[in-house]
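Structural features, examined
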Amino acid sequence: MRTAVYPGSFDPMTNGHFDIIGRGTRIFDRVIIAVLENEGKAPLFSVAERMDLLRECTETFPTVEIQSFSGLLVDFMKRVDANVVVRGIRAVSDFEYEFQMALMNRELSSDAETIFMMPAVEYSYVSSRLVKEVFRLGGDIRRLVPLPVLRKLSDRLAMPAHV
Ligand code: PNS
């Protein structure tokens, strides 16, 4: 049984995340999406809201589970019996931070292996931060996030979603 953990903030999930989740399910028997409880980052959505959105958007993947974690990722991985971390790499600019995290995780737990996956090229510039910014400013993000996320953003920011 090959279990991978796909950790992140997912505030909120985007089509780029969705793309990576789909790719992960084709390689691993079980993919645990692990939402970081990072209230310090002043997220737009609570952990429970982010988990609900992830659950709704991934219900067609029977091998995907949604969990949350605080503390070290490697400790969470031990608890769920996983030794693979999946992370998406969109551009070379992502690489330096991801490389440092992967090696730090390996330092903390020699079992931890990180697999980098590239999303489809049409999502290579999509990030949760930019999606929120563009939506706040009235831009069209329909192609960039799943419909439940678009609806939730529109409720939260009291703006029309143009769906
Ligand atoms: O989507 P993000 O915000 O880029 O995800 C970052 C995340 C959650 C993968 C990273 O912050 C993390 O793993 N945090 C847990 C704390 C930890 O284990 N830190 C040491 C490893 S670098």
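Presented here is a report on the structure given in the accompanying data block. All residue numbers refer to positions counted from 1 along the written sequence of the respective chain. Restriction of local features to residues with pLDDT of at least 70 applies here, the model being predicted, together with a cutoff of 80 or more for giving and counting side-chain atom pairs; totals for whole chains, interfaces and linings are based on all residues. Side-chain calculation: all heavy atoms of the structure are included, whereas hydrogens and water are not.

**Side note on the layout of surface pockets**
- Empty space within the largest pocket amounts to approximately 1,100 Å³.
- Every definition here rests on a 1 Å grid over the protein atoms only: cavities are sets of points where a 1.4 Å probe fits but cannot get out, pockets are open sets enclosed by protein on both sides within 12 Å along at least five of seven lines, and lining residues have some atom within 4 Å of a point. In terms of lining, the largest pocket is formed by 41 residues, of which the most central are Gly8, Ser9, Lys41, Arg87 and Tyr97.
- To qualify as a helix, a DSSP run of H or I must reach at least 4 residues; to qualify as a strand, a run of E must reach at least 2; elements of each kind are numbered from the N terminus. Elements with a contribution of two residues or more to the lining of the largest pocket: β1 (3-8), α1 (15-27), β4 (84-88), α4 (92-108) and α5 (128-136).
- The element best represented in the lining of the largest pocket is α4, accounting for seven residues.
- Residues are sorted three ways: Asp, Glu, Lys and Arg are charged, Ala, Val, Leu, Ile, Met, Phe, Trp, Tyr, Cys and Pro are nonpolar, and all the rest, Gly among them, are polar. Each residue belonging to the lining of the largest pocket can be placed in one class, and the counts come to 21 nonpolar, 12 polar and eight charged. Grid points are joined across faces, edges and corners, and a volume is the space filled by probe spheres set on the points.

**Side note on helix α6 (residues 147-156)**
- Taken together, the buried positions of α6 are occupied by Pro148, Val149, Leu150, Leu153 and Ser154.
- Contacts: residue pairs with any heavy atoms within 4.5 Å of one another. Among the structural elements, α2 (47-57) and α5 are those in contact with the buried residues of α6.
- Remark: Ala158 follows α6 within two positions and exhibits a positive phi of approximately 45 degrees. Remark: exposure states derive from per-residue accessible area (1.4 Å probe, protein chains only) relative to the maximum for the residue type, with buried under 20%, exposed over 50%, and partly exposed in between.

**Re the pairing of strand β2 (residues 30-36)**
- Buried residues dominate β2, accounting for six of its seven residues.
- The pairing of β1 with β2 spans six bridges and is classified as parallel. Paired with Thr3 across the bridge in β2 is Arg30.
- Handedness of a crossover: with both strands directed away from the viewer, a clockwise path from the first strand across the helix to the second marks it as right-handed. Handedness of the crossover joining β1 and β2 through α1 is recorded here as right-handed.
- Where β2 meets strand β3 (residues 64-69), six bridges bridge the pair, whose relative direction is parallel. Bridged to Val31 within β3 is Val64. Two strands qualify as a pair provided DSSP detects at least 2 bridges between them.

**A short note on the packing of α2 against α6**
- Contact pair α2 / α6: the axes reach a minimum separation of 9 Å and the direction vectors enclose 150 degrees. Accordingly, the angle class assigned to the pair α2 and α6 is roughly antiparallel. Side by side, α2 and α6 meet where Glu49, Leu53, Glu56 and Cys57 of the first sit next to Pro148, Val149, Lys152 and Arg156 of the second.
- The class makeup of the residues in the contact of α2 with α6 is four nonpolar, no polar and four charged. Axis angles are defined between N-to-C directions and span 0 to 180 degrees, where every axis is a line fitted to C-alpha atoms and, for a helix, only to the segment in contact. An angle below 35 degrees is treated as roughly parallel, one above 145 as roughly antiparallel, one from 65 to 115 as roughly perpendicular, and anything else as oblique.

**So, the side chain of Arg30**
- Relative to the helices and strands, Arg30 is located in strand β2.
- In protein, a polar contact means a hydrogen-donor-capable atom and an acceptor-capable atom, both N or O and within 3.5 Å, with residues adjacent in sequence counting only if both atoms are side-chain atoms; elsewhere, any N or O pair within 3.5 Å suffices. Looking at Arg30, its side chain comes within polar contact range of the side chain of Glu65, at 2.8 Å.

**Brief notes about α4**
- With 17 residues, α4 should cover 24 Å at 1.5 Å per step; its first-to-last C-alpha distance of 25 Å lies within 8% of that length.
- Axes are fitted to the seven residues ending at a residue and to the seven starting at it; the angle between these axes is taken as the bend at that residue. For α4, the principal kink sits at Glu98 and spans about 25 degrees.
- Among the residues of α4, those classed as buried are Asp94, Glu98, Ala102 and Asn105.
- Here the buried face of α4 lies against α3 (73-79), β4 and β5 (113-117). The span you would expect from a helix comes to 1.5 Å times its residue count less one.

**Examining the pattern of salt bridges**
- Each reported salt bridge corresponds to a side-chain nitrogen of Lys or Arg within 4 Å of a carboxyl oxygen of Asp or Glu. This model, assessed by the stated rule, comprises 12 salt bridges.
- A salt bridge links Asp52 to Arg55, with the shortest nitrogen-to-oxygen separation between them at 3.0 Å. Of this pair, Asp52 and Arg55 both sit in helix α2, three residues apart, roughly one helical turn.
- For Arg55, a relative accessible area of 39% gives the class partly exposed.
- When salt bridges with common partners are traced through the structure, they connect Asp11, Arg50 and Lys132 into a single cluster.

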